[in-house]
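Chain by chain, the residues:
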Amino acid sequence: MSTQMVIELPGQQATQTVLRAIDLYKTRLRASIARTQRRLAEFEQRYRVTTAHFLTAMTAEDLTGGDLEYVKWAGEAKLLKGLEIELGELEHARCQCGG
């Protein structure tokens, strides 16, 4: 399902400002995704399992860091999912700019 949003701006310059802000935000999301992927890779290397396996088959007792380590790893996985969803939404947005 598609939703349309109308933003009225005073002119073309304002339109360009909004489009640049969206592009900058997408760049920041990509950087956050890369940083989160690196953190997940550290956990995966430390415990020699994928994040998917960790989320479905492991408990805090399986980790040397216990509860705190579990919460950190699971939190990073959840964060990545949210960042990817948000970026995907923005990547599919389109602008119909007119005068």
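Before any of the text, the structure's been laid out above.
Scoring rules and cut-offs
- Residues numbered from 1 in each chain as written.
- Predicted model: local features only at pLDDT ≥ 70, side-chain atom pairs only at ≥ 80, totals over all residues.
- Heavy atoms only, no water.
- Core = buried A, V, L, I, M, F, W, Y, C linked by side-chain atoms within 4.5 Å.
- Buried < 20%, exposed > 50% of the residue type's maximum accessible area, 1.4 Å probe, protein only.
- Contact = heavy atoms within 4.5 Å.
- Helix = DSSP H or I, 4+ residues; strand = E, 2+ residues; numbered from the N terminus.
- Axes fitted to C-alpha atoms, helices over the stretch in contact; angles between N-to-C directions.
- Parallel < 35°, antiparallel > 145°, perpendicular 65-115°, else oblique.
- Left-handed = near helix turned anticlockwise from the far one by under 90°.
- Nonpolar A, V, L, I, M, F, W, Y, C, P; charged D, E, K, R; others polar.
- Patch = residues over 30% accessible without salt bridge, like charges linked within 9 Å, V, L, I, M, F, W, Y side chains within 5 Å.
- Areas by Shrake-Rupley, 256 points an atom, 1.4 Å probe, with all protein chains shown as cover.
- Salt bridge = Lys/Arg side-chain N within 4 Å of Asp/Glu carboxyl O.

Is there a simple way to explain the nonpolar core in this structure?
Side chains of nonpolar character tend, in soluble globular proteins, to be buried together. One finds Tyr47, Val49, Phe54, Leu63 and Trp73 to be the most contacted residues of the largest nonpolar core, which totals 14 residues. Those residues in contact with tryptophan 73 that sit more than four places away from it in its chain are Leu40, Phe43, Glu44, Tyr47, Val49, Thr50, Thr51, Phe54 and Leu63.

Would you explain unusual backbone geometry in this entry?
Leaving glycine aside, a negative phi is the common case for residues, and trans is the common case for peptide bonds. One non-glycine residue, arginine 48, adopts positive backbone phi at about 55°. Looking at where arginine 48 falls in the secondary structure, it is placed in the loop between helix H1 (12-47) and helix H2 (51-57).

Please clarify how the packing of H1 against helix H3 (residues 66-91) should be interpreted in this entry.
Where H1 contacts H3, the axes come no closer than 9 Å and their chain directions differ by 150°. Judged by the inter-axis angle, H1 sits roughly antiparallel to H3. The two elements H1 and H3 cross, and the hand of that crossing is left-handed. Here the contact of H1 with H3 is composed, by residue class, of 14 nonpolar, three polar and 11 charged.

Would you mind going over a nonpolar patch on the surface with me for this structure?
A grouping of Met5, Ile7, Leu9, Val18 and Ile22 is seen on the molecular surface, where their side chains present a nonpolar patch of about 440 Å² in accessible area. One can find leucine 9 in the segment before H1.

Can you help me understand the side chain of threonine 51 in this one?
Tracing the backbone shows threonine 51 in helix H2. Apart from the residues lying within four places of it in its own chain, the contact partners of threonine 51 are Leu40, Glu44, Trp73 and Ala77.

I'm lost on the pattern of salt bridges in this one. Help?
Oppositely charged side chains can pair when the atoms bearing their charge come close. Across all of its chains, the model carries five salt bridges by this definition. Where lysine 26 meets glutamate 91, a salt bridge forms, and the shortest distance between an N and an O atom there is 3.6 Å. Taken together, the residues span a long stretch of sequence, with lysine 26 in helix H1 and glutamate 91 in helix H3 at a distance of 65 residues. Overall, glutamate 91 belongs to the partly exposed group, its relative accessible area being 36%. For arginine 30, the salt bridge is made with glutamate 91, and the minimal N-O distance between the two is 2.4 Å. Within this pair, whereas arginine 30 is found in helix H1, its partner glutamate 91 is found in helix H3, the two being separated by 61 residues in sequence. Taken together, the salt bridges that share partners define one network made up of Asp23, Lys26, Arg30 and Glu91.

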